[in-house]
Amino acid sequence: MNIAIIGVGLIGGSIGLAAHERLDGAFVRGFDASDAALDAALERGAIDERSDSAASAVAGAELCFVCCPVGALGEAVLEALSAGGDCAVSDVGSTKHAVLESVAAAALPEADASRFIGGHPLSGAEASGVAHARANLFEGATWYLTPTDRTSGIHYDRLYRAISALGARAAAVPADAHDRLMATVSHLPHVLANLLVHQAAGTLLEEDQALPATGPSFRDATRVAGTNPTLWRDILLTNREAIEAELGAYADALDRVRSTLRESDGDELVHWIEQARGDRQRLLELDLAGGPVSELRLSVPNKPGIVAQVALALGEAGVNIVDMALYPAPDMQSGAIALWVTGEHGAERAVELVERLGYPAAVVDAGDEA
Ligand SMILES: NC(=O)c1ccc[n+]([C@@H]2O[C@H](COP(=O)([O-])OP(=O)(O)OC[C@H]3O[C@@H](n4cnc5c(N)ncnc54)[C@H](O)[C@@H]3O)[C@@H](O)[C@H]2O)c1
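Everything numeric here is computed off the predicted structure, so don't read it as measured data.

Scoring rules and cut-offs
Residues numbered from 1 in each chain as written. Predicted model: local features only at pLDDT ≥ 70, side-chain atom pairs only at ≥ 80, totals over all residues. Heavy atoms only, no water. Axes fitted to C-alpha atoms, helices over the stretch in contact; angles between N-to-C directions. Helix = DSSP H or I, 4+ residues; strand = E, 2+ residues; numbered from the N terminus. Parallel < 35°, antiparallel > 145°, perpendicular 65-115°, else oblique. Left-handed = near helix turned anticlockwise from the far one by under 90°. Contact = heavy atoms within 4.5 Å. Salt bridge = Lys/Arg side-chain N within 4 Å of Asp/Glu carboxyl O. Buried < 20%, exposed > 50% of the residue type's maximum accessible area, 1.4 Å probe, protein only. Pairing = 2+ DSSP bridges. Phe/Tyr/Trp six-rings, centres within 6.5 Å; stacked < 30°, edge-to-face > 60°. Expected span 1.5 Å × (residues − 1).

**Overview of the packing of helix α13 (residues 306-316) against helix α14 (residues 346-356)**
In a packed pair of helices, the relevant descriptors are the angle between the two axes and the axis-to-axis distance.
Inference 1: Axis separation between α13 and α14 bottoms out at 10 Å; the angle between their running directions is 130°. Judged on the interaxial angle alone, α14 and α13 are oblique. In the packing of α13 onto α14, the handedness of the crossing is right-handed. Counted together, Val310, Ala313 and Leu314 of α13 and Ala350, Leu353 and Val354 of α14 form the full contact between these two elements.

In structure tokens form, the structure reads like this:
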């Protein structure tokens, strides 16, 4: 498989290393705004060949990952799509709405726009650059995909397979839901980590005190403070509405804690802490939810957007797709999709959701294929 990587830093470099290790016959061409980054990527074996433009990296590729900072993604994705060909183009940006808007706003031919699928691997590191890239960075990680009703099923399927081969679990989610979720579980914690260290530094430096031998809680809660300022500037700006809403809710919650303290309401404090323990437990249990894998078959018309529609409906309902395969009928007018889903009642729920979309679906018994 020919792969193009635009931006060969931590994430782009890790995709290149993982592709060489896990995808048969992968040949990786890279382009980066920095010559030094390209040299380092070649030296580390993350890419096989350097290109002098995004368009030449994409020429002849089946798959392109755009891995530059969030602020540069829109332009780079459009450049990759404008190079034409049959390449499935994805990005790895930590926010999704802005890059989708760039593609929607550009007057691209439908055949080109339908080849773009937004993506975001939930794995990374505080350190940037290809020097810190690793082939196993995506092992077991969720990799969000944000298809739309324009997305071509064939290109989605190609990307989905490659991501699975890199070791990640692809999961479809609408772009806006992705950005709201990230505002809650990633962007707000980053803002808070910065605030916590600012506040501690202000207090300690003002009183000329050294940092006491703190327990792990301060270190854990501030691990990500101060990381990659320009990357985080772009993330915060491109998701500012969702983050503002999170900060508003957080400020209200802080006010409630403050008034509980002012009223010395010990019972309320105990209730509040117990509630947090229960919430944390439920969140961790959700994360561990797996269960048996079932296969289902769907009959669908062969047109753009169907795979995205199905993947998003199941993703939104919390049904986890662990694998998929497309089988176009010889007349190319219709086709079947095979999906493997996890969870105790995952298959029944998936059938119900797919039928609600108007497509026949059935669970395949292990014996059906014999
Ligand atoms: N670091 C993480 O933990 C993490 C996790 C998930 C997703 N992401 C996303 O991955 C992307 C890259 O992050 P990273 O940590 O690999 O950053 P990085 O700084 O390690 O690498 C980015 C690379 O992009 C290059 N670049 C900048 N502008 C470019 C342009 N216009 N064209 C081509 N190359 C360009 C830079 O020279 C650099 O080599 C970001 O969009 C980020 O949101 C990062």
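**A few points about the pattern of salt bridges**
Inference 1: Counted by the stated rule, this structure contains 14 salt bridges.
Inference 2: Among the salt bridges present, the one from Asp157 reaches Arg161, with a minimum N-O distance of 3.5 Å. Taken together, the residues Asp157 and Arg161, both in helix α7 (residues 153-165) and 4 residues apart, mark about one turn of the helix.
Inference 3: Using a relative accessible area of 13% as the deciding quantity, one classes Asp157 as buried.
Inference 4: In this structure, Glu352 and Arg356 form a salt bridge, with 2.9 Å as the shortest nitrogen-oxygen distance. Of this pair, Glu352 and Arg356 are both found in helix α14, 4 residues apart, which corresponds to roughly one turn of the helix.
Inference 5: A relative accessible area of 39% places Glu352 in the partly exposed class.
Inference 6: Where salt bridges share partners, they join Asp35, Asp39 and Arg50 into one cluster.

**Things to note about the pairing of strand β6 (residues 116-121)**
Inference 1: Within β6, 6 of the 6 residues are buried, which leaves the element mostly enclosed by the surrounding structure.
Inference 2: Alternating positions in β6 separate into two faces, Phe116, Gly118 and His120 on one and Ile117, Gly119 and Pro121 on the other, with burial throughout.
Inference 3: With 2 bridges connecting them, strand β5 (residues 88-91) and β6 associate as parallel partners. Residue Ser90 lies in a different strand from β6, and its bridge partner there is Ile117.
Inference 4: Pairing geometry for β6 and strand β7 (residues 142-146), over 4 bridges, is antiparallel. Pairing of Gly119 across the sheet is with Leu145, part of β7.

**Description of the packing of aromatic side chains**
Inference 1: Across all of its chains, the model carries 3 aromatic pairs by this definition.
Inference 2: Pairing Phe138 with Trp143 gives two aromatic rings, centres 5.0 Å apart and planes at 45°, and the pair type is tilted.
Inference 3: Assessed through its relative accessible area of 0%, Phe138 is described here as buried.
Inference 4: Taking relative accessible area as the criterion, Trp143 reaches 1% and is therefore assigned buried.

**Overview of helix α1 (residues 10-22)**
Think of an α-helix as turning once every 3.6 residues; residues three or four places apart then point the same way.
Inference 1: Helix length check: α1 (13 residues) gives 18 Å between terminal C-alpha atoms against 18 Å at 1.5 Å per residue, within 8%.
Inference 2: Here α1 lies mainly inside the structure; 10 of its 13 residues are buried.
Inference 3: Taken residue by residue, α1 has Leu10, Ile11, Gly12, Gly13, Ser14, Ile15, Gly16, Leu17, Ala18 and Ala19 as its buried positions.
Inference 4: Where the residues of α1 are buried, they touch β1 (2-6), β2 (27-31), α2 (35-44), β4 (63-66), β6 and β7.

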